[in-house]
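Take a look at the letters that make up each chain.
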Amino acid sequence: MQITPSDARTNVFIVEDSVSIRERLAGMLEGMEGVTVVGQADTPAGAVEGILRTRPDSVLLDIQLIGGSGLDVLRIAHPQVPSAVFIVLTNHPSPQYRRICMEAGAAYFFDKNSEIAKVREVIAGLGAKPH
């Protein structure tokens, strides 16, 4: 059976400490054809538990979380769900953070203030791939 882009699905887990940004991201993604938000978290522990439980195709991940760091989530969850595409979306887009996140397994690293639209493009591209 050939999978066409309209048949393809991509499941996304959102990890973000700001309720308003998390809701904005969820609304943006849920409005996309073929995309399902399978979970959300605002703490490292909640994120790791949710990612391991839902096994999403991609994870939108903020670096700054309640009670910890998205980098911890990346270091713990990525090796256990290596097929997931981790997309870091942060207010701290310094080259130092980019390097550390990419070394830990992030596939993308975007500035929350100026590159949020790129998240939509990446997720749309993932949804068009057969699983």
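Presented here is an overview of the structure given in this document.

## Side note on the overall build of the chain
Stage number 1. Of regular secondary structure, the chain possesses five helices and seven strands.
Stage number 2. Ordered by position from the N terminus, the helices and strands of the chain form the series β-α-β-α-β-β-β-α-β-α-β-α.
Stage number 3. Taken against the 2.2 N^0.38 rule, which gives 14 Å for 131 residues, the C-alpha radius of gyration of the chain at 14 Å falls within 12% of a compact globule.
Stage number 4. Considered along the principal axes of its C-alpha atoms, the chain spans approximately 45 × 30 × 25 Å.
Stage number 5. Counting across all 131 residues of the chain, residues that qualify as buried make up 47%.
Stage number 6. The contacts of the chain with a sequence gap of at least 6 include a subset with a gap of at least 24, amounting to 66%.

## Regarding the packing of helix H2 (residues 44-54) against helix H3 (residues 70-80)
Stage number 1. Relative to each other, H2 and H3 sit at 10°, their axes nearing to 10 Å. Put simply, H2 runs roughly parallel to H3. Here H2 contributes Pro-44, Ala-47, Val-48, Ile-51 and Leu-52 to the contact with H3, which in turn contributes Val-73, Ile-76, Ala-77 and Gln-80.
Stage number 2. Grouping the amino acids of the contact of H2 with H3 by side-chain chemistry returns eight nonpolar, one polar and no charged.

## Observations concerning H3
Stage number 1. Listed as buried for H3 are Gly-70, Leu-71, Val-73, Leu-74, Ala-77 and His-78. Buried residues of H3, seen end-on, are gathered within an arc of 145° and therefore sit on one face of the element.
Stage number 2. Where H3 is buried, its residues contact H2, strand S3 (58-61), strand S4 (64-65), strand S5 (68-69), strand S6 (85-90) and helix H4 (95-104).
Stage number 3. With a side-chain oxygen lying 2.9 Å from the backbone nitrogen of Leu-71, the N-terminal cap of H3 falls on Ser-69.

## Structural notes on the side chain of Arg-22
Stage number 1. Mapped onto the fold, Arg-22 is located in helix H1 (residues 19-30).
Stage number 2. Look at Arg-22: it is buried, it has no salt bridge, and the nearest opposite charge is Asp-42 at 4.1 Å.
Stage number 3. At 2.7 Å, the side chain of Arg-22 and the backbone oxygen of Glu-16 are in polar contact.

## Digging into the sheet that holds strand S7 (residues 108-111)
Stage number 1. One open sheet accounts for five strands, arranged S2-S1-S3-S6-S7; its pairing is parallel. Of all strands in the sheet, those bounded by a partner on one side alone are strand S2 (35-41) and S7. Neighbour-to-neighbour, the strand axes of the sheet open up by a mean angle of 20°, direction not taken into account.
Stage number 2. Two elements, strand S1 (residues 10-15) and S2, share six bridges in a ladder whose sense is parallel. Among the inter-strand pairings, Ile-14 is bridged to a residue of S2, identified as Gln-40.
Stage number 3. Of the strands in this sheet, S1, S2, S3 and S6 are in contact with H2, which crosses S1 at around 170°.
Stage number 4. Across the face of the sheet, H4 comes into contact with S6 and S7 while running at roughly 150° to S7.

Cut-offs and rules
- Residues numbered from 1 in each chain as written.
- Predicted model: local features only at pLDDT ≥ 70, side-chain atom pairs only at ≥ 80, totals over all residues.
- Heavy atoms only, no water.
- Helix = DSSP H or I, 4+ residues; strand = E, 2+ residues; numbered from the N terminus.
- Rg over C-alpha atoms; globule rule 2.2 N^0.38 Å.
- Buried < 20%, exposed > 50% of the residue type's maximum accessible area, 1.4 Å probe, protein only.
- Contact = heavy atoms within 4.5 Å.
- Axes fitted to C-alpha atoms, helices over the stretch in contact; angles between N-to-C directions.
- Parallel < 35°, antiparallel > 145°, perpendicular 65-115°, else oblique.
- Nonpolar A, V, L, I, M, F, W, Y, C, P; charged D, E, K, R; others polar.
- Arc of directions from axis to C-beta.
- Polar contact = N/O pair within 3.5 Å; in protein donor to acceptor, adjacent residues only side chain to side chain.
- Lys, Arg positive; Asp, Glu negative; His and termini not counted.
- Salt bridge = Lys/Arg side-chain N within 4 Å of Asp/Glu carboxyl O.
- Pairing = 2+ DSSP bridges.

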